[in-house]
Amino acid sequence: MNVPLVTSRSIVIIVLATASILVVPLVAMFLTDRVVWSVFDFVVFAAILIAAGLVVDLGLKSVRHHAHRAVFGVAVAAVFFLVWAELAVGVFGTPVAGS
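**Section: the pattern of salt bridges**
Side chains bearing opposite charge may pair, as long as their charged atoms lie close to each other. Counted according to the given criterion, the structure contains one salt bridge. One salt bridge in this structure joins Lys-61 and Asp-57, with 3.4 Å as the shortest N-O distance. Of this pair, Lys-61 and Asp-57 both sit in helix 2 (residues 39-62), four residues apart, which is roughly one turn of the helix. On the accessibility criterion, Lys-61 (21% relative accessible area) is partly exposed. For Asp-57, a relative accessible area of 15% puts it in the buried group.

**A word on the layout of surface pockets**
Looking at the largest pocket, its volume works out to about 280 Å³. Taken together, 12 residues make up the lining of the largest pocket; nearest its centre are Asp-41, Val-44, Trp-84, Leu-87 and Ala-88. Contributing elements (two or more residues each) for the lining of the largest pocket: helix 2 and helix 3 (66-89). Looking at which element gives the most residues to the lining of the largest pocket, the answer is helix 2, with five residues. Along the lines of polarity and charge, the residues of the lining of the largest pocket split into 11 nonpolar, no polar and one charged.

**With respect to the packing of helix 2 against helix 3**
When two helices pack together, their arrangement is given by the angle between the helix axes and by the axis-to-axis distance. With their axes 10 Å apart at the nearest point, helix 2 and helix 3 run at an angle of 170 degrees to one another. One finds that helix 2 runs roughly antiparallel with respect to helix 3. Along this stretch, helix 2 crosses helix 3, giving a crossing that reads as right-handed. Facing Val-44, Phe-45, Ile-48, Leu-49, Ala-52, Val-55, Val-56, Gly-59 and Leu-60 of helix 2, the residues of helix 3 in contact are Arg-69, Phe-72, Val-76, Phe-80, Val-83, Trp-84 and Leu-87. Residue composition of the contact of helix 2 with helix 3, grouped by class: 14 nonpolar, one polar and one charged.

Rules behind the numbers
Residues numbered from 1 in each chain as written. Predicted model: local features only at pLDDT ≥ 70, side-chain atom pairs only at ≥ 80, totals over all residues. Heavy atoms only, no water. Salt bridge = Lys/Arg side-chain N within 4 Å of Asp/Glu carboxyl O. Helix = DSSP H or I, 4+ residues; strand = E, 2+ residues; numbered from the N terminus. Buried < 20%, exposed > 50% of the residue type's maximum accessible area, 1.4 Å probe, protein only. 1 Å grid on protein atoms, 1.4 Å probe; cavity = no way out; pocket = protein on both sides within 12 Å on 5 of 7 lines; lining within 4 Å. Points joined across faces, edges and corners; volume = space filled by probe spheres on them. Nonpolar A, V, L, I, M, F, W, Y, C, P; charged D, E, K, R; others polar. Axes fitted to C-alpha atoms, helices over the stretch in contact; angles between N-to-C directions. Parallel < 35°, antiparallel > 145°, perpendicular 65-115°, else oblique. Left-handed = near helix turned anticlockwise from the far one by under 90°. Contact = heavy atoms within 4.5 Å.

Given below as structure tokens:
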């Protein structure tokens, strides 16, 4: 089966969604001193958001059955949140999180 490549329209939507999500911590940094992100934090979070968006986009184009799509989406979301939690606070204590 030929899996269609990600279209430029999909990339634009993913990047705009990522930028919209990144506005939340940016605004929080101005409203409180409890949120302290560096440029590197924004770049890493943007990278994992874009990667997750691209994987979901490719997966939804290649998986036909709706139940399988739901399972695929939940799996990608779970991996995304596990990576995010590890990078943020070092839940698993790997060297990636600086533990």
